[in-house]
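Residue-level listing of the chains:
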Amino acid sequence: EFRRVLFRSSHGAYRLSGDATVTAAGQSKIMTAAIAVAATSDGNAVGGAITYNRISDTTKALLNDVDLVAADLLVNAGQSGLGARIDALAVNVALASGGTGLGGALAVNLIDTTRSAKLTDSQVAVSGNANLSSSLDGEIWGIGVNGVAGTNSGGDRKSTRLNSSH
């Protein structure tokens, strides 16, 4: 997912009796699951499950070349609460009763975001506070589960792996 959120005010003159607030906010959420099952009774079983998720976005709050008079000024790029979240599950099961079971499960998750709050080339007069803030709260929940079992040459070979990250 790629997204761009922008608030821009350029070349303006503003005379306010109250507060001036400029906010640009963006929120992204991805939920995915990849599930694979491979089974055979007379040979080898091969399976795999992969999830790849990427949130890439830009959020900007910009005042450029403005003449502003206000009580308070807030320029904010962000939002309260969670700005980016990925929930991903990759599950693979490979079973072979007459051969070898081979498999893998992989969950790849990326959050690549930019937040900026800017005041450039401007004249600002406030009687109270002036605040510029930029924030992002991101979260990734990713689980990869792989289970394989097989018999080969009269013996039992079994393995189970559970890998998770938070």
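Residues numbered from 1 in each chain as written. Predicted model: local features only at pLDDT ≥ 70, side-chain atom pairs only at ≥ 80, totals over all residues. Heavy atoms only, no water.

Visitor: Before we move on, could you go through the overall build of the chain and cite the residues and values that matter?
Guide: The number of helices and strands found in the chain is 0 helices and 13 strands. When its helices and strands are written in sequence order, the chain yields β-β-β-β-β-β-β-β-β-β-β-β-β. Intrachain contacts of the chain at a sequence separation of at least 6 include 82% that bridge at least 24 residues. As presented, the chain carries roughly 9500 Å² of accessible surface, and 50% of it is formed by carbon and sulfur atoms. (Helix = DSSP H or I, 4+ residues; strand = E, 2+ residues; numbered from the N terminus. Contact = heavy atoms within 4.5 Å. Areas by Shrake-Rupley, 256 points an atom, 1.4 Å probe, with all protein chains shown as cover.)

Visitor: Give me a nonpolar patch on the surface: which residues, what numbers.
Guide: Taken together, the side chains of Leu119, Val124 and Leu132 make up a nonpolar region of the molecular surface, amounting to roughly 210 Å² of accessible area. Assignment of secondary structure puts Leu119 in strand β9 (residues 101–120). Exposure remark for Leu119: the relative accessible area of 32% places this residue in the partly exposed category. (Patch = residues over 30% accessible without salt bridge, like charges linked within 9 Å, V, L, I, M, F, W, Y side chains within 5 Å. Salt bridge = Lys/Arg side-chain N within 4 Å of Asp/Glu carboxyl O. Buried < 20%, exposed > 50% of the residue type's maximum accessible area, 1.4 Å probe, protein only.)

Visitor: Kindly report on the sheet that holds strand β11 (residues 130–134), identifying the contributing residues and their values.
Guide: The parallel open sheet is built from 3 strands, whose spatial order is β3-β7-β11. Because the sheet does not close on itself, it has two edges, and the strands there are β3 (20–24) and β11. The average undirected angle you get between the axes of adjacent strands in this sheet is 5°. Bridge analysis of strand β7 (residues 73–77) against β11 gives 5 bridges, and the strand direction is parallel. Residue Leu74 lies in a different strand from β11, and its bridge partner there is Asn131. (Pairing = 2+ DSSP bridges. Axes fitted to C-alpha atoms, helices over the stretch in contact; angles between N-to-C directions.)

Visitor: Can you lay out the environment of Ala20 for me, pointing to particular residues and giving the numbers?
Guide: With respect to the helices and strands, the residue Ala20 is situated in strand β3. When the C-alpha positions of Ala20 and Val69 are compared, they lie 8.6 Å apart, and in sequence the two are 49 residues distant. Among residues more than four places away in sequence, those in contact with Ala20 are Leu68, Ala70, Asp72, Leu73 and Leu74.

Visitor: Could you give an account of the side chain of Asn92, naming the residues involved and the relevant values?
Guide: Examined against the element boundaries, Asn92 turns out to sit in strand β8 (residues 84–96). Engagement of the side chain of Asn92 in a polar contact is seen with the side chain of Asn146, the distance being 2.8 Å. In contact with Asn92, other than residues within four places in its own chain, are Ala36, Gly47, Gly48, Ala49, Gly103, Gly104, Ala105, Val145, Asn146 and Gly147. (Polar contact = N/O pair within 3.5 Å; in protein donor to acceptor, adjacent residues only side chain to side chain.)

Visitor: Tell me what's going on with the nonpolar core, and back it up with residues and numbers.
Guide: If you look at the biggest cluster of nonpolar residues, it comprises 12 residues: Ala20, Val22, Ala24, Ala61, Leu63, Val66, Leu68, Ala70, Leu73, Val75, Ala77 and Ala117. Secondary structure elements with two or more residues in this core: β3, β5 (45–64), β6 (67–70) and β7. Apart from the residues lying within four places of it in its own chain, the contact partners of Val75 are Val22, Ala61, Leu63, Ala117, Lys118, Asn131, Leu132 and Ser133. (Core = buried A, V, L, I, M, F, W, Y, C linked by side-chain atoms within 4.5 Å.)

Visitor: Outline the confidence of the model for the chain, listing residues and values.
Guide: Per-residue confidence for the chain averages 84 on the pLDDT scale, and 87% of its residues sit at or above 70. Segment residues 153–163 is flagged for pLDDT under 50; beyond a separation of four residues in sequence, or across chains, it makes 15 contacts in the model. (pLDDT = per-residue confidence, 0-100.)

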